[in-house]
Amino acid sequence: QKEVEQNSGPLSVPEGAIASLNCTYSDRGSQSFFWYRQYSGKSPELIMSIYSNGDKEDGRFTAQLNKASQYVSLLIRDSQPSDSATYLCAVNQAGTALIFGKGTTLSVSS
Amino acid sequence: ETGVTQSPTHLIKTRGQQVTLRCSSQSGHNTVSWYQQALGQGPQFIFQYYREEENGRGNFPPRFSGLQFPNYSSELNVNALELDDSALYLCASSTQDRSYEQYFGPGTRLTVT
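Reference entry: report on the structure contained in this document. The written sequence of each chain sets the order in which its residues are numbered from 1. Here chains are named by letter from A upward and ligands by number from 1 upward, in the order in which they appear as written. For this predicted model, a pLDDT threshold of at least 70 governs which residues receive local features, and a threshold of 80 or more governs which side-chain atom pairs are given and counted, while totals over whole chains, interfaces and linings are taken from all residues. The side-chain figures draw on all heavy atoms in the structure; neither hydrogens nor water molecules are used.

Turning to the overall build of chain A, a few remarks are in order. A count of helical and extended segments in chain A gives zero helices and eleven strands. Starting at the N terminus, helices and strands are each numbered in turn, a helix being any DSSP run of H or I of at least four residues and a strand any DSSP run of E of at least two. Counting from the amino terminus, helix and strand elements in chain A follow one another as β-β-β-β-β-β-β-β-β-β-β. For the radius of gyration, the atoms used are the C-alpha atoms, and the globule rule reads 2.2 Å times the number of residues raised to 0.38. Over its C-alpha trace chain A gives a radius of gyration of 13 Å, about what one expects of a compact globule, namely 13 Å for 110 residues. With respect to the three principal axes, the spread of C-alpha positions in chain A is 40 × 30 × 20 Å. The cut-offs for exposure are 20% and 50% of the maximum accessible area for each residue type, with area from a 1.4 Å probe on protein chains only; residues under the lower value are buried, those over the upper are exposed, and the others partly exposed. Here chain A holds 110 residues, and the buried ones make up 45% of them. In this description, contact between two residues means that some pair of their heavy atoms is separated by no more than 4.5 Å. Looking at chain A alone, contacts between residues at least 24 apart form 54% of all its contacts between residues at least 6 apart. The protein chains shown are the only cover counted for residues, whose accessible areas, like all others here, come from Shrake-Rupley with a 1.4 Å probe. Total accessible area on chain A is roughly 5100 Å²; 45% of this is exposed by carbon and sulfur atoms.

So, in structure tokens, the structure goes:
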């Protein structure tokens, strides 16, 4: 059973702080890794993709991948109240399906 | 660039009925995937369509079926609805060479009573 695990939260951070979201996956053959943001009542929005070990930065977002530890993380710098949402980690094993975690709820207080 | 669209937005059905949900892929995308998202859960893969054929299927019973049309739009059909089918149904489109990079539509909220 391929699994993706996330801490459900809620993760609460003050405005301007760094939010750190973590994800582990069970299938060592996984090749592609994604972070989606989902606002309440809306559909998931792709915000980051990462395919190789190391860090990938895009604006205030940094994705980190460690395949040896089967670990993916998302850092959000200078967190804003508008970042308050559920963050979904998704993994693909060179197949068709994305396997999602249950998501971590982030709350940024002003 | 036109994004993924889905219809209807909301739907209420009775147990045992049948339902059809529709999806139009993002312009330039030829692959469509369907997911079911129950409340408080991550999306679960139902199936994917490419070139009008099913290209992968998750752990869903045969009463979940689909179609893809020549213009890459797609339908999800669910027969003999059960209460547990109540969920947000998400369509995602992608290109076949990057089928793992999927962009979601707004979803259809299905309630089965």
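Here the narrative resumes.
Two strands in a sheet stick together by hydrogen bonds in their backbones, pointing the same way (parallel) or opposite ways (antiparallel). Residue and element names in this part refer to chain A. Ordered by their spatial adjacency, five strands build an open sheet running β1-β3-β8-β7-β6, and the pairing between neighbours is antiparallel. In the strand order of this sheet, the two ends are held by β1 (4–6) and β6 (54–58), each with one partner. In this sheet, adjacent strand axes meet at a mean angle of 20° when their direction is disregarded. One ladder, built from five bridges, connects β6 with strand β7 (residues 61–66); its direction is antiparallel. Among the inter-strand pairings, Asp55 is bridged to a residue of β7, identified as Gln64. Two strands are counted as paired when DSSP detects at least two bridges linking them. To get an axis, a line is fitted to the C-alpha atoms, and for a helix only the part in contact is used. The angle between two axes follows their N-to-C directions and goes from 0 to 180 degrees.

This part covers the pattern of salt bridges. Any carboxyl oxygen of Asp or Glu within 4 Å of a side-chain nitrogen of Lys or Arg constitutes a salt bridge here. Overall, the coordinates contain eight salt bridges over all chains when judged by the stated rule. For Glu45(A), the salt bridge identified is with Arg37(A), shortest N-O distance 2.9 Å. Overall, Glu45(A) belongs to the partly exposed group, its relative accessible area being 36%. We classify Arg37(A) as buried; its relative accessible area is 13%. Linking Arg98(B) and Glu101(B) is a salt bridge whose minimum nitrogen-to-oxygen distance equals 2.8 Å. Owing to a relative accessible area of 34%, Arg98(B) belongs among the partly exposed residues under this scheme. In the salt-bridge network here, residues are joined through shared partners; they are Arg63(B), Glu82(B) and Asp85(B).

Let us look at the nonpolar core. Among buried residues, the Ala, Val, Leu, Ile, Met, Phe, Trp, Tyr and Cys ones that are joined through side-chain atoms within 4.5 Å form a nonpolar core. With 23 residues, the main nonpolar core has Trp35(A), Val72(A), Leu74(A), Ile76(A) and Tyr87(A) as its most contacted residues. Going through the elements one at a time, β3 (19–25), β4 (32–38), β5 (45–50), β7, β8 (71–76), β9 (85–92) and β11 (104–109) of chain A are the ones with two or more residues in this core. Not counting residues within four places of it along the chain, the set of residues in contact with Ile76(A) comprises Ala17(A), Ile18(A), Ala19(A), Leu21(A), Arg60(A), Phe61(A), Asp83(A), Tyr87(A) and Leu106(A). The next biggest cluster of nonpolar side chains, apart from the first, holds 20 residues, and it includes Val32(B), Trp34(B), Val78(B) and Leu110(B).

With that settled, the discussion passes to the interface of chain A and chain B. Taken residue by residue, the interface counts 19 residues in chain A and 21 residues in chain B. Looking only at chain A, the three residues that lose the most surface to chain B are Thr96(A), Phe100(A) and Lys102(A), adding up to 32% of its buried area. In protein, a polar contact means a hydrogen-donor-capable atom and an acceptor-capable atom, both N or O and within 3.5 Å, with residues adjacent in sequence counting only if both atoms are side-chain atoms; elsewhere, any N or O pair within 3.5 Å suffices. One can count eight residue pairs in polar contact (both at pLDDT 80 or more) joining chain A with chain B. Counting residues per element, the ones that place at least two in the side of chain A that touches chain B are β4, β5 and β9 of chain A. Among the elements that line the side of chain A that touches chain B, the one with the most residues is β4(A), at four residues. Tallied by class, residues from the side of chain A that touches chain B come to nine nonpolar, eight polar and two charged. Buried area counts how much accessible surface, traced with a 1.4 Å probe, disappears from two parts once they are put together, with both parts' losses summed. Three classes are used, and their members are as follows: Ala, Val, Leu, Ile, Met, Phe, Trp, Tyr, Cys and Pro are nonpolar, Asp, Glu, Lys and Arg are charged, and the others, Gly among them, are polar.

This paragraph deals with the state of the cysteines. We call a pair of cysteine sulfur atoms a disulfide whenever their separation is within 2.5 Å. Taken as a whole and assessed by the stated rule, the structure comprises two disulfides over all chains. Each sulfur of the disulfide joining Cys23(A) and Cys89(A) lies 2.1 Å from the other. Measuring handedness by torsion sign, the sulfur bridge of Cys23(A) and Cys89(A) sits at about -70° and is left-handed. With Cys23(A) in strand β3 and Cys89(A) in strand β9, the pair connects residues that are 66 residues apart, well separated along the chain. A relative accessible area of 1% means that Cys23(A) is categorised as buried. By relative accessible area, Cys89(A) is classed as buried at 0%. Residue pairing for Cys23(B): its cysteine sulfur links by disulfide to Cys91(B), the two sulfurs lying 1.8 Å apart. Here the disulfide of Cys23(B) and Cys91(B) is left-handed, its torsion about the S-S bond being about -55°. On the criterion of sequence distance, the pair formed by Cys23(B) in strand β3 (residues 19–24) and Cys91(B) in strand β9 (residues 87–94) is long-range, its members being 68 residues apart. Judged by relative accessible area, which is 0%, Cys91(B) ranks as buried.

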